[in-house]
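Examining the three-dimensional arrangement
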Amino acid sequence: MNHSNPDPRLCIVGAGRLSTDRIYPYIGAAGAQIVGVCDLDPERAERNARRFGGRPYREVAGMLAEQKPDALVVCVGPEAHATLATLALKLGYPVYTEKPPAVCSADALEVARVARKAGLLCTTAFKKRYNQAYTRAKQWIEQRPADDLLSLSFDYCSAAYDNQPPRTLLNDFCIHVIDLAHYLFGAVESVFAFTKDHHAYAVSLRFANGAVGTLNMNDGRSFAIPTEEVEISARGGCFMTVHNSSSWRIAEKNQPSEWREPPTFTALGDSGRETGHLAEIEDFVAALREGRRTTRSDIYESYKTMVLYEAIKRAAETSAVVKVHYEAL
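To start, this report covers the structure provided alongside it. Predicted, not measured: the structure shown is a model, and the values here were computed from it.

Moving on: the overall build of the chain. Scanning the chain from terminus to terminus reveals 12 helices and 15 strands. Expected size for 329 residues packed as a compact globule is a radius of gyration near 20 Å; at 20 Å, the chain falls within 12% of this value. When burial is assessed residue by residue, the chain has 55% of its 329 residues classed as buried. Once local pairs closer than 6 in sequence are excluded, the contacts in the chain between residues at least 24 apart make up 66%. Total accessible area computed for the chain in this model is approximately 14,400 Å², and 52% of it derives from carbon and sulfur atoms. With 38 positive and 40 negative side-chain charges, the chain shows a spacing of 2 Å between the two charge centroids.

What follows is about the sheet that holds strand 15 (residues 322-323). The strand order across the open sheet built from nine strands is 14-13-12-11-7-10-9-8-15, with neighbouring strands paired in mixed fashion. Only two strands of the sheet have a single partner each, and these edge strands are strand 14 (255-260) and strand 15. Alignment of strand 12 (residues 238-243) against strand 13 (residues 247-252), held across five bridges, turns out to be antiparallel. Of the residues in strand 13, the one forming a bridge with methionine 240 is isoleucine 250. In the packing of helix 7 (residues 132-142) onto the sheet, the strands contacted are strand 7 (149-157), strand 11 (227-234), strand 12, strand 13 and strand 14, and the crossing angle to strand 12 comes to about 170°.

Glancing now at the pairing of strand 10 (residues 212-218). Note: strand 7 against strand 10, seven bridges, orientation parallel. Across the sheet, cysteine 157 pairs through a bridge with asparagine 218, a residue of strand 10. Pairing of strand 9 (residues 200-207) with strand 10, which is carried by seven bridges, proceeds in the antiparallel orientation. Its bridge partner being in strand 10, leucine 205 is matched across the sheet by glycine 213.

Attention now moves to the pattern of salt bridges. Enumeration over the complete set of coordinates arrives at 21 salt bridges. With a shortest N-O distance of 3.8 Å, arginine 235 and aspartate 147 are connected by a salt bridge. Within this pair, whereas arginine 235 is found in the loop between strand 11 and strand 12, its partner aspartate 147 is found in the loop between helix 7 and strand 7, the two being separated by 88 residues in sequence. Each of the salt bridges in this network shares a partner with another, and the network as a whole consists of Arg129, Asp179, Glu301 and Lys304.

Moving on: the sheet that holds strand 1 (residues 9-13). Taken in spatial order, the six strands of this open sheet run 3-2-1-4-5-6, and their pairing is parallel. Each edge of the sheet is formed by a strand with only one pairing partner; in this case those strands are strand 3 (55-57) and strand 6 (122-125). In this sheet, adjacent strand axes meet at a mean angle of 20° when their direction is disregarded. Both strand 1 and strand 2 (residues 33-38) contribute to a ladder of five bridges, which runs parallel. If you follow valine 13 over to strand 2, its bridge partner there is cysteine 38.

Residue proline 100 is bonded to the preceding lysine 99 through a cis peptide linkage, with omega at -15°. Residue position: proline 100 is located in the loop between strand 5 (95-98) and helix 6 (105-118). Of note, the bond from proline 165 into proline 166 is cis; its omega dihedral lies within 30 degrees of zero at 10°. Along the chain, proline 166 turns up in the loop between strand 7 and helix 8 (169-173). Even without being a glycine, asparagine 163 presents a positive backbone phi close to 60°. Of note, asparagine 163 is situated in the loop between strand 7 and helix 8. Its relative accessible area of 15% is what places asparagine 163 among the buried residues. Even without being glycine, serine 245 reaches a positive phi, approximately 65°. Residue placement: serine 245 occurs in the loop between strand 12 and strand 13.

Relative to the helices and strands, alanine 80 is located in the loop between strand 4 (71-74) and helix 5 (81-90). For the pair alanine 80 and proline 101, spaced 21 residues apart in sequence, the C-alpha separation works out to 9.3 Å.

On to empty space enclosed by the protein, then. Counted according to the given criterion, the structure contains one cavity of 30 Å³ or more. Approximately 30 Å³ is the volume found for the largest cavity. Considering the residues around the largest cavity, the lining is formed by Tyr96, Thr123, Thr124, Ala125, Tyr130, Glu280 and Phe284. If you list the elements that add at least two residues to the lining of the largest cavity, you get strand 6 and helix 11 (277-290).

Calculation rules
- Residues numbered from 1 in each chain as written.
- Predicted model: local features only at pLDDT ≥ 70, side-chain atom pairs only at ≥ 80, totals over all residues.
- Heavy atoms only, no water.
- Helix = DSSP H or I, 4+ residues; strand = E, 2+ residues; numbered from the N terminus.
- Rg over C-alpha atoms; globule rule 2.2 N^0.38 Å.
- Buried < 20%, exposed > 50% of the residue type's maximum accessible area, 1.4 Å probe, protein only.
- Contact = heavy atoms within 4.5 Å.
- Areas by Shrake-Rupley, 256 points an atom, 1.4 Å probe, with all protein chains shown as cover.
- Lys, Arg positive; Asp, Glu negative; His and termini not counted.
- Charge placed at Lys NZ, Arg CZ, Asp CG, Glu CD.
- Pairing = 2+ DSSP bridges.
- Axes fitted to C-alpha atoms, helices over the stretch in contact; angles between N-to-C directions.
- Salt bridge = Lys/Arg side-chain N within 4 Å of Asp/Glu carboxyl O.
- 1 Å grid on protein atoms, 1.4 Å probe; cavity = no way out; pocket = protein on both sides within 12 Å on 5 of 7 lines; lining within 4 Å.
- Points joined across faces, edges and corners; volume = space filled by probe spheres on them.

Structure follows, in structure tokens:
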């Protein structure tokens, strides 16, 4: 990074609806500037370049060669995440990709190894790690010994998916709470799961620390009326409830100790801090400034998420307990 310029210069590949609504608007707020916008559709690239800054491009390597940015942001479909991240890392550029990091754990691990060899940051946008409710949950969990943790449960549901690869209920929507499970409680040791035609999943987890977890996930509900309920229990009458990614209640030793109800409804993404979109970009930008090679959601962490996703998928398909194994970098 050019430290004479306090604002990191970013190039972005992808100018679709989601990134235009949830990523581009927060880059300036996070203290960075856009210098290049790449999309296969030249009209979309030109539209976002006019709106958010930078020059439009149709080809990634040419954009990087001309702009020489401080990092590349990748906001295209998951089937291209590993390829584009590897390209940028080998050219010497840190990378931020949308979730998931790749279509499979093997590809995510390979990207992690490329990033490590290059000595560069590669981070994945698992936004829920950054939102206020789960940031508070992580702080609360870390205040107590791992042996005191008892259970973690998620109720997380969406509207219907057609489940046509590469975009399925499990790897597109449910991946958020799959990621949160091991972020909050640590490594998962084993998994058992049932599925109803890949439109509903009932998952049991055993964590390496001895705690247990459940994930109830289905696509029979609504995007307009979110279902996201989380219960965390520890020994001694200590528990925390998170509702809709934004509200929480905490009890300590059988007594209410903390309650938070935000003044606005935020589940549909109208707040960068409530949803985590702004906070994750801020962490990435801060890491660029500080020369860090890790973030709260770096590539090796998201590789672990893909391992857990694949274990759940295999358990649901085989009706067998699946052991979870994470490879070292």
